[in-house]
Structure formats: structure tokens, C-alpha cells
Amino acid sequence: MSPPRRKASNSHVTLKNTMSDNINTLTTQHGVPISDNHNSLKAGPRGPTLMEDFILREKLTHFDHERIPERVVHARGAAAHGYFKVYKPLSLVTSAGFLQDPAAETPVFVRFSTAVGARGSADTVRDVRGFAVKFYTQQGNYDLVGNNMPVFFIQDSIKFPDLVHALKPEPHHEMPQASSAHDTFWDFVSLMPESTHMLMWLMSDRAIPRSYRMMEGFGVHTFRLVNSHGQSTFVKFHWKPKLGLHSMAWDEAEKLAGRDPDFHRRDLWDAIDSGHFPEWELGVQLIDARQEAELNVDLLDATKLIPEELVPILPIGRMVLNRNPDNFFAETEQVAFNPGHLVPGIEFSNDPLLQGRLFSYADSQLSRLGGPNAHALPINRAVCPVHHFQRDGLHQSAGQKGRVAYEPNTLARGSEFRLDGATHGFHSSPDDLQSPKLRQRSASFDDHFSQAKLFWNSQSQAEKAHVVAAFRFDLSKVESTEIRQRMVDNLAHVDMKLASRVAAQLGIHTPDAAAAAGRLGYRHQTMQSELQEAPSLSMVGRYKPDIRTRKVAVLAADGIDMISVKRVIQELTAAGLHCKVIGPHLGHVASATGRTLAADYTFSNTASVMFDAVLIPGGVASADELCRLGSAVHFALEAYKHCKPICAINEGVLLLSALGFSMGMQKETAISVPTPGVVIADSQRALQGQISQAFIAAMLQHRHWDRINLDSVPA
Ligand code: HDD
């Protein structure tokens, strides 16, 4: 059953309809009624169009300018409205108003994105995902502009344009779209060993999330929380998804990019639209001056994380996304995030990557949103009173009144606008900055491999195999053998086995750590860490026993055993799963006794990659027909290859016979699990409830990465 729909609390950011109330009358932009919206004004019915047709010209001019520049990075995204509630007052560490009152709901707007692809690129590409949250607080807007990975490629913002130029499609032919698998990217990162840690994340399953709803989020940089006494604590922000952390298989992600380029966007929209509101818990790692000195990590280095094992995450509140935007352009496209949007009680650290970001976002928005007044767009507007003497500029819509636009003054409110910084206005904590002016990086930033190694050591065998396969895939697309060699030489500093496994398929020499050490861009010092493994860095074990909204494909043809399948569908639906019937054609499939089941999709208009699990019902005739349909066999085998839970009832198992499964294998038992995540059931002997139970148990693990010989599956 769907949860009841909540009334969205953040109605202030609801768009006002600008169309006239009388929608039967079309008008020009200036309100002149239009008599004919089908014919331009011509000199005679077959004559040339007249210049005088101001209605035509206005319509075309506006249309010609409908597109605005896309974001230079993170162009592709999807967003939703919601609210945030803090669990307990955090006055001990911060004076931020929205972190004090557990009864208060702070409206939020959250935009998820890929970083590399253009606005029309596919959702499921291998990439870091943006996770940007705008909190509309009573002390102004606070933006937490993070990613779904806790570290970044570079340490200093001066390298950001180089990174993005290397990563984006190559400029001479603008290929490949939304992919890191090309020469310029690997050329750059192989010369920037500081990227190695982020590369481990990028080549891991974190870069191919199953859903925006199943991703973690990170503020990445260290920020500071400051309380009303001016005491400051370093903080790292973390978002933990209620549905747990899940990814997809790489082959699946690639296929989905073609099957449904909107896969993540649709998933978020559908979940909210059907009342299944995604939720995240906000957590903080708090680090005081004493702990900072003890950590073997420089908190200002954005290529490093603080393992949860060393500094636990303290949950502080909950965010729920409960309303889809009314208009994609007005909200999702025009929203302008900026890590420089802080509220009193939260401050920056000196992280040089963050410091550059503080300039870049507003600057980038000047050209994207066309001027200095983007803050006044409804989606960007603060919910608290705003008062300043900034005036005019392109697209000024404030209608500012009066003769006084300066301070101090005596002609309006007077001259004293200063607030007591310690208790009211935004106040930057005093910092002792007596140091020489120089272009230099701290030596404490020079450890480029310890945390990449920690990440590698913390992965399960299956996750390691995925990382190796991803490096191989990307590097196999790199034409220059020199670049491939340089990259695996760098990887030798992470782990020799990793580097050798990657090198094995790339037609290059054995990785050579010493060669890497002599190359350009190489600065390396190892900081001994007592931590050899951090289980929190692995996705395994982060599965939550919450399978609601996962999609189950039910493969059906005429002659299915209707009694068992209907019962199983009913039980799965009651558990919150979305079952869809795939048939050879639309309309109905019928059982031998004439009972029918409506098909939602056909084998040609959908594919296994659109689903999380597959149910293959029994019935001799149905199974026979499905076995004759190549697309149905492919559906089942591909789901197997992508490690998805599969449940075959009675003769349904025939569809898996290419994999060697048969009913004969489990004569003894009514339900068996011959290989991880594959449930084979004899409905005559199994009670119906048992079938769903066993299938749900398989689904709790989401994907069964430990299946073997997947490369030999013909799909
Ligand atoms: Fe950035 C957009 C996240 C480093 C410059 N960035 C952008 C977005 C996200 C991030 C989520 C999209 C926001 C949205 O949905 O509108 N960026 C990050 C993170 C970084 C990071 C987590 C490192 C920790 N970014 C970074 C640096 C610079 C930029 C170092 C430049 C010095 N980022 C931009 C930008 C964008 C942007 C060019 C593109 C459009 C925009 O800001 O509004 O200014």
C-alpha cells in the first residue's frame, strides 16, 4: 500500500501561474488577445509573410532564445522539493537557526546530477553524482553543494579547469559524450597522482548508482560549525539514504543509457509521484583541535576522507523529498547553488579547493542565468526578509522604491545597519593569518596513495573485481600505450595486485612503481595510518532491509499458472514491490482455464535492465512460448548476468535451462536456492507464502555479485 501523500510544506517555492486566468484566450506577452494562432499574416492567402506580423515575430523571438547556456559541469540533473528536520538542538556546536528546533521544518530543494555529460546525456554513465541541497532557512539560504563521493580529483581549485577540460569530450570532435574513457582524461590524471584516491571511487560501483534515492551524499570539504560563544569545531557532512546504498552492473548501466537515458530522473519522479518519498539522514563528523592533531590526515585536503571508524558519524536530522517540481526549467534548470551561501553558525575552512569554489559558482551563474539578479528567481529566493541596497542590473524585477540606495544615510532608515556579529549577523571567526604570501602546497597534502590503498583494502572480492574491470574498460579505450602504462605504474603504488590485474588486459608492461616515482607530477610521501581497512568504505553491508519500490518483472505468456503467480504478485505488492507483467504482446495473457492477466510491457518495448528482479511463473505452455522467444530468454539470462534476484516457479525454470538450472535439480525440496539469488520453487509442494518469502530474502541483498562465471552467460 502506498503511504499517504503528505502535503508539501515548502509552498513558498511553488510557481505562480503567469498565464492569464482565462486560459481560453491566448495573448501576446503584453496581454493583447490573439485571434489566430495557426496562420501568420500574409499578403493574400498564398502571398509572402508580412514583417508587420508582431505576433509571429514575438513568438519566434522568444522561442529562439528559449535555451540558456547549460552548466559548464553538472549540466544533467533532476531535482525535488522537500524538508529537513533536525533531531535535537545543536546549540553546543553551532548557532545555525535551522539546526536548533526539532519541531521546525526547513524547506529544501535538492538537485542530483552527473558531472561530465551535457544536458541531454544519459543518466547511468560512470561518473560522480552531484548532491546539492538548498536549505531555505530563516537566516537566509544555506547551500550544501556536495557529491556522492567523499573526496575529489584535485587539491587546489586552480586545477579545476584543467581537470574539466581533460574529462569533457575531446574538443576537436566532441567525443566521447559523458565518459571518462578517453585519452585526455587519463593523460591528465596519470600526471596528477593526487587524483588516485578519487579514481578508485570513480572506478568503483559508487559511480553507477541504482538510483539517486540509493546514494550517499558528502559535503566533501571540511567546514566549521561555530557556536554562539565563537567556539569552532571542524565538520564533515554526510547524507545516508534510508533505502541503503545500491548500484547496478556496468554492462547494465551502459545498456540503460540507450534503453532509458532518463532512468534516474524517471525513478526519482515516479517515486515522489507515487507517494514513496525518498529520505536521507544528515550526519556529521565533528573534529575538535585535539583530534585534528591526532588524525594522520590534513583536513584541508579534499582528496582525503576521515574514516567513520576513526571519527563516527553523528546523525543530526532527516531530509524528505516530497514534491516534484512544477516546471523543470524554472526550478531544476534555474536553481543556482553556491557553496559560498552560508548562514550564521557555519563557516568555511581554508581548503584551497573550497576557497576557489567560493568565487566560481556565482561567476558561472552570471553567464548561465544572464546577470546579477538570479537570486530573485522564485527557486533561488530566500524565505526570510531580504534588505540591501544592491540595485538594477539585467532582469531586475524587484521594483525597488525610494531615493536612498546607500548606507549610511539619514534620509531613510538612518545609518546604523550593523548587527552584533556574535549573536545576530553572519560573523567570520577571527583567524590568525600571519603567513607569507606564496604559491605552494602544504607538504601534508603529499600523501597520494595511502587512502587509495585503504579504499582498495576495504572492498569485498566482488567489489575489487568491479574496480579492476572498470579500470580495464576505461584504459582499454585509451589509444596511447604510454598513458595506459603511466596509469598502471601509478596504481602500483596503491596495490601491486590491482595494478597487475588491470595491466593484464591492456597489452602493456608489468606495472613499475619506481618508474611512476620518477615522473612528472609525482610528489609522494606516505603517512603511516594505523587503519589498514575501513569497512565503511565498502558498499557491501550497507544494504538496508528495505526493498520498497524495487521493480519486479513478471514474464508471462498464454498458459501461465495463474493461481500461483497472482498470489505471489499480491504478496510482493504488499511488501512494497512494484510488479509489472511483460508479455509477448500488450493486452492480456490467459491461463489454460481462461483467467487473464494484463501485460504492462512487451519484450520489445522494455528490457531486464529496467527491473531489479525477475519472476518467471509456471505453466507448460507459457514456459514453452517464452523459451521460443529469444527476447524472453535474453531477458532472463541478462537479469542473471546482472546478478539480479530471479524466482522461477515450476516450468518457469525452463527459461533458465541455458544456465544449467532444471527442476530435476531440486527434487527433494519444494524451494531451493541453487546459486546466490536464484530461487526455484515447486508451487505444488511449496506453500505460496514461502515462495514470496524466499524471493524477498534474495531481494534484500539487491544484487548477488558473488555469482560465478558470469562472463560465460550468453546475454
Ligand atoms: Fe562544482 C557545479 C559539486 C568542485 C565549479 N559542483 C557543481 C554542482 C555540484 C558540484 C553538485 C551542480 C550544482 C547544481 O545542481 O546546480 N564541485 C562540486 C564538488 C566539488 C566541486 C562536491 C569538490 C569538492 N566545482 C568545484 C571546483 C570548482 C567548481 C573546484 C571551480 C573552482 N561547480 C563549479 C561551477 C558549477 C559547479 C563551474 C557549474 C555550474 C554552476 O556551478 O552553477 O561553478
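Residues numbered from 1 in each chain as written. Predicted model: local features only at pLDDT ≥ 70, side-chain atom pairs only at ≥ 80, totals over all residues. Heavy atoms only, no water.

1. With respect to the overall build of the chain
Per the secondary structure count, the chain includes 18 helices and 19 strands. Scaling as 2.2 N^0.38, a compact globule of 715 residues should have a C-alpha radius of gyration of about 27 Å, and the chain matches this with 29 Å. With the C-alpha coordinates aligned to their principal axes, the bounding extent of the chain is approximately 95 × 80 × 55 Å. In the chain, which comprises 715 residues, the share counted as buried stands at 52%. (Helix = DSSP H or I, 4+ residues; strand = E, 2+ residues; numbered from the N terminus. Rg over C-alpha atoms; globule rule 2.2 N^0.38 Å. Buried < 20%, exposed > 50% of the residue type's maximum accessible area, 1.4 Å probe, protein only.)

2. As for the coordination of the iron atom of the ligand
Exactly one protein atom donates to the iron atom of the ligand; that atom is Tyr-361 (OH), 1.9 Å from the metal. Counting through the fold element by element, Tyr-361 comes out in helix H9 (residues 352–368). (Donors = N, O, S within 2.8 Å, 3.2 Å for Na, K, Ca; no water.)

3. Details of unusual backbone geometry
The bulk of non-glycine residues show a negative phi, and the bulk of peptide bonds are trans. Looking along the chain, the bond that leaves Met-175 and enters Pro-176 is cis, with omega of -10 degrees. With an omega dihedral of 10 degrees, the bond running from Glu-407 to Pro-408 counts as a cis peptide bond. Mapped onto the elements, Pro-408 comes out in the loop between H9 and helix H10 (450–457). Of note in this structure, Glu-174 is not a glycine but carries a positive phi near 50 degrees. For Glu-174, the position within the fold is in the loop between helix H2 (160–167) and helix H3 (183–190). Phi at Thr-549 is positive, roughly 75 degrees, even though this residue is not glycine. Looking at the secondary structure, you find Thr-549 in the loop between helix H14 (513–517) and strand E11 (551–555). Taking the relative accessible area as the measure of exposure, Thr-549 reaches 7% and is therefore buried.

4. Digging into H3
In an α-helix there are 3.6 residues to a turn, and that puts residues three or four apart on one side. Here H3 lies mainly inside the structure; six of its eight residues are buried. Those residues of H3 not exposed but buried are Asp-183, Phe-185, Trp-186, Phe-188, Val-189 and Ser-190. Where H3 is buried, its residues meet H2, helix H4 (196–202), helix H11 (461–476) and helix H12 (481–491). (Contact = heavy atoms within 4.5 Å.)

5. Here we look at the confidence of the model for the chain
Overall, the predicted model of the chain reaches an average pLDDT of 93, with 93% of residues at or above 70. Low pLDDT, under 50, characterises residues 1–11; the stretch is placed with 25 contacts to residues that sit more than four places away or in other chains. (pLDDT = per-residue confidence, 0-100.)

6. Some remarks on the site of the ligand
The full set close to the ligand counts 23 residues, and Arg-71, Arg-111, Arg-357, Tyr-361 and Gln-365 are the nearest of them. Contacts to the ligand include Arg-71, whose side-chain N or O atom sits 2.7 Å from an oxygen atom. Top element by residues in the shell around the ligand is H9. It accounts for seven residues. Broken down by class, the residue content of the shell around the ligand amounts to 10 nonpolar, 10 polar and three charged. (Near = heavy atom within 4 Å. Polar contact = N/O pair within 3.5 Å; in protein donor to acceptor, adjacent residues only side chain to side chain. Nonpolar A, V, L, I, M, F, W, Y, C, P; charged D, E, K, R; others polar.)

7. Some words on the pattern of salt bridges
Scanning the model with the defined rule gives 29 salt bridges in all. Residue Arg-224 is joined to Glu-347 by a salt bridge in which the shortest nitrogen-to-oxygen separation is 3.7 Å. With a gap of 123 residues between them, Arg-224 in strand E6 (residues 223–226) and Glu-347 in strand E10 (residues 346–347) connect regions that are remote in the sequence. The pair formed by Arg-224 and Glu-347 is uniform in burial state, with each residue classed as buried. The partner of Asp-301 in a salt bridge is Lys-304, and the shortest N-O contact between them spans 2.5 Å. (Salt bridge = Lys/Arg side-chain N within 4 Å of Asp/Glu carboxyl O.)

8. Some thoughts on the side chain of Thr-606
In this structure, Thr-606 sits in the loop between strand E15 (601–602) and strand E16 (613–616). In this structure Thr-606 comes out as buried when scored by relative accessible area, which is 4%. For Thr-606, the residues in contact, after removing those within four places along its chain, are Arg-259, Ile-582, Tyr-601, Phe-611 and Phe-635.

9. Thoughts on the sheet that holds strand E18 (residues 671–675)
Ordered by their spatial adjacency, seven strands build an open sheet running E15-E12-E11-E16-E17-E19-E18, and the pairing between neighbours is mixed. Sheet topology places E15 and E18 at the edges, where each strand pairs with a single neighbour. Alignment of E11 against strand E12 (residues 578–583), held across five bridges, turns out to be parallel. Considered in E12, the bridge of Leu-555 is made with Ile-582. (Pairing = 2+ DSSP bridges.)

10. Thoughts on H2
Along H2, the residues that are buried comprise Leu-163, Val-164, Ala-166 and Leu-167. All buried residues of H2 project into a common sector of 160 degrees when viewed along the axis, lining one side. In this structure, the buried side of H2 is in contact with H3. (Arc of directions from axis to C-beta.)

11. Concerning the nonpolar core
Judged by nonpolar contacts, the single largest core of 56 residues is most densely connected at Trp-186, Met-200, Phe-471 and Leu-498. Only H2, H3, H4, H10, H11, H12 and helix H13 (496–503) provide two or more residues apiece to this core. Residues Ile-272, Trp-280, Leu-342 and Leu-354 belong to the second largest nonpolar core, which totals 39 residues. (Core = buried A, V, L, I, M, F, W, Y, C linked by side-chain atoms within 4.5 Å.)

12. Things to note about the packing of aromatic side chains
All told, the structure shown has 24 aromatic pairs when counted by the stated rule. Plain terms: the ring middles of Phe-603 and Phe-635 are 5.9 Å apart, the flat faces sit at 85 degrees to each other, and that makes the pair edge-to-face. Here Phe-603 is found in the loop between E15 and E16, whereas its partner Phe-635 is found in helix H17 (residues 630–641), with 32 residues between them in sequence. Of the two residues, Phe-603 and Phe-635, both sit in the buried class. In this structure an aromatic cluster arises from ring pairing among Phe-84, Phe-98, Phe-112, Phe-131, Phe-135, Tyr-142, Tyr-212, Trp-239 and Trp-280. The ring of Phe-337 has Lys-134 sitting right over it, with the charged end atom 5.3 Å from the ring centre. (Phe/Tyr/Trp six-rings, centres within 6.5 Å; stacked < 30°, edge-to-face > 60°. Lys NZ or Arg CZ within 6 Å of the ring centre and 35° of its normal.)

13. What to know about the state of the cysteines
Counted according to the given criterion, the structure contains zero disulfides. No disulfide involves Cys-627; its sulfur sits 16 Å from that of Cys-647, the nearest cysteine. This cysteine, Cys-647, is not joined by any disulfide, and Cys-579 carries the nearest cysteine sulfur, 11 Å off. (Disulfide = S-S within 2.5 Å.)

14. A look at the side chain of Gln-285
Relative to the helices and strands, Gln-285 is located in strand E8 (residues 279–287). Overall, Gln-285 belongs to the buried group, its relative accessible area being 1%. In terms of polar contacts, Gln-285 uses its side chain to reach the backbone carbonyl oxygen of Ile-306, at 2.8 Å. Gln-285 has contacts with Phe-234, Val-235, Lys-236, His-238, Ile-306, Pro-307, Glu-308, Val-311, Pro-312 and Ile-313, leaving out every residue within four places of it along the chain.

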